[in-house]
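Now for the letters of each chain:
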Amino acid sequence: MRKRIFIFGMAVFTFLFCLAGCGQSNEAGQEKTEITRAGAVEYDSSLITVGFIQTGKESAWRDANTADFLNTFTVEKGYNLIYIDGNSDSDRQIKAAFDLIAQEVDYIIIDPIVENGWKDVLTEASAKNIPVIVSDRQVNLNASNYACWVGSDFYQEGVNGAGWLENYLVSQDKDREKIKIVLIEGTKGATATIGRTEGIMERLEKNPNWEIVARECGNFTQGEGTNVMKKILEEGIEFDVLITENDNMMFGAMKAMDQKEIKYGRGTDIITISFDALGEALDLVQTGKLMVSVECNPLIAQLAEKAIQKLEEGKRVEKVNFVEEMVFTYENVGAYRKDRKY
Ligand code: GYE
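*Asks:* Got a sec to walk through the pairing of strand S9 (residues 210-217)? Specific residues and values, please.
*Replies:* Sheet topology places strand S8 (residues 179-185) next to S9; seven bridges connect them, and they run parallel. Bridging from a neighbouring strand, Ile-184 pairs with Glu-216 of S9. Taking the sense of rotation as the criterion, the β-α-β connection linking S8, helix H6 (residues 191-206) and S9 turns out right-handed.

In structure tokens:
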């Protein structure tokens, strides 16, 4: 672990003061501006300094994921956590990663908004011997570019959600009927979107009577879920199944359907399937308005911490580390709702 003593106030003050054009007169009495760099950033050598670059605040799932990291990488547990909000801007994330490398942190954890654009900064981190852990979403690079990845099996989540639909249709004796599906996807290029959609499409191919009548991007946000569903309803698209790739987009779509007094969920003509399994979603599963919430467990900071501890001990870490997840339905949700942490 690198040894560094960090004097934050002075380093920032010095850097800003110099940038303000603090001048010094030269022999001829002429004002000249001298730009000098602050001293190398140094940290308390008794702590492991971890830079964590989050996607942003796009969903309640994300807030739970962020809280989990803030509650895991604490000073009491021996960490100096530098939390960076990516503000849903991938360029901002990459710039922040370069900054953390320049600050010579001990580890960097990234949650990439999208999979592209990470090669240069991960190459730089490797050159400076700073291990990078990829969390939740992935980068489309060979695994040799980072220490390990921790998160969910999004493909399996998609298969689980669409697999539930298969079984439900059989139970309703509708497995041979024409089934019209609306799919509201998450952020384009995000691993969760890619994986869930691939899993859903894998089951769609096995069910030729299923048809996707509308496929829109809701960017994992509630507002865009509402806007997308409003557009679908205004176009008069009729459907039997609504699949949203996270709960917040489902909440937004439900708001648009409520405004048109459209009934959905158990005992109606519209089947509702979502992903994340937020507490609020489990409440809707208990009422029947939401028929399935496929769990995407945000509490993955512990997997990242275990990896860092292993690296600190010079041990090998698994490249892929999946978190445990369930599928919540009307039949099983009651046993789990009260224990939900988010
Ligand atoms: O499903 C969504 C969040 O990457 C698994 O991102 C995460 C997804 C999650 O905005 O709510």
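Next comes the rest of the account.
*Asks:* So what's going on with the sheet that holds strand S14 (residues 327-329)? Residues and values would help.
*Replies:* Reading across from one edge, S9-S8-S10-S11-S12-S14 is the order of the six strands in this open sheet, with mixed pairing throughout. If you trace the sheet from one side to the other, it starts and ends with S9 and S14, each paired once. Taking the axes of each pair of neighbouring strands and ignoring which way they run, one obtains an average angle of 20° across the sheet. The pairing of strand S10 (residues 241-244) with strand S11 (residues 271-276) spans three bridges and is parallel. Each bridged residue has a counterpart across the sheet, and for Leu-242 the counterpart in S11 is Thr-272. Helix H8 (residues 247-259) contacts S8, S10, S11 and strand S12 (292-295) of the sheet and is inclined by roughly 150° relative to S11.

*Asks:* Describe the nonpolar core, naming the residues involved and giving the relevant values.
*Replies:* Among the nonpolar cores identified, the biggest contains 36 residues, and Val-182, Ile-184, Met-229, Phe-239, Leu-242 and Met-257 are the most heavily contacted of them. Of all the secondary-structure elements, those providing two or more residues to this core are helix H2 (60-72), S8, helix H7 (222-234), H8 and helix H9 (279-287). Counting residues per element, this core draws most heavily on H8, which supplies seven residues. Dropping the residues within four chain positions of it, Phe-239 is found in contact with Lys-180, Val-182, Val-213, Met-229, Ile-232, Leu-233, Met-257, Asp-269 and Ile-270. The next biggest cluster of nonpolar side chains, apart from the first, holds 21 residues, and it includes Ala-96, Ala-97, Tyr-146 and Trp-149.

*Asks:* An account of the site of the ligand is needed here, citing residue identities and associated values.
*Replies:* In the vicinity of the ligand, 13 residues are found, and the nearest of them are Glu-58, Asp-136, Arg-137, Arg-196 and Asp-276. Interatomic distance of 2.6 Å between a side-chain N/O atom of Glu-58 and an oxygen atom of the ligand. The side chain of Asn-246 places a nitrogen or oxygen atom 2.9 Å from an oxygen atom of the ligand. Notes on the ligand: free accessible area 310 Å², of which the protein chains cover 100%. In this structure, the ligand is accommodated by the largest cavity. Those elements that provide at least two residues to the shell around the ligand are H2 and H6. Of the residues contributing to the shell around the ligand, the split by class is five nonpolar, two polar and six charged.

What counts and how
Residues numbered from 1 in each chain as written. Predicted model: local features only at pLDDT ≥ 70, side-chain atom pairs only at ≥ 80, totals over all residues. Heavy atoms only, no water. Pairing = 2+ DSSP bridges. Helix = DSSP H or I, 4+ residues; strand = E, 2+ residues; numbered from the N terminus. Right-handed = clockwise from strand over helix to strand, strands pointing away. Axes fitted to C-alpha atoms, helices over the stretch in contact; angles between N-to-C directions. Contact = heavy atoms within 4.5 Å. Core = buried A, V, L, I, M, F, W, Y, C linked by side-chain atoms within 4.5 Å. Buried < 20%, exposed > 50% of the residue type's maximum accessible area, 1.4 Å probe, protein only. Near = heavy atom within 4 Å. Polar contact = N/O pair within 3.5 Å; in protein donor to acceptor, adjacent residues only side chain to side chain. Areas by Shrake-Rupley, 256 points an atom, 1.4 Å probe, with all protein chains shown as cover. 1 Å grid on protein atoms, 1.4 Å probe; cavity = no way out; pocket = protein on both sides within 12 Å on 5 of 7 lines; lining within 4 Å. Sits in = over half its atoms within 2 Å of the grid points. Nonpolar A, V, L, I, M, F, W, Y, C, P; charged D, E, K, R; others polar.

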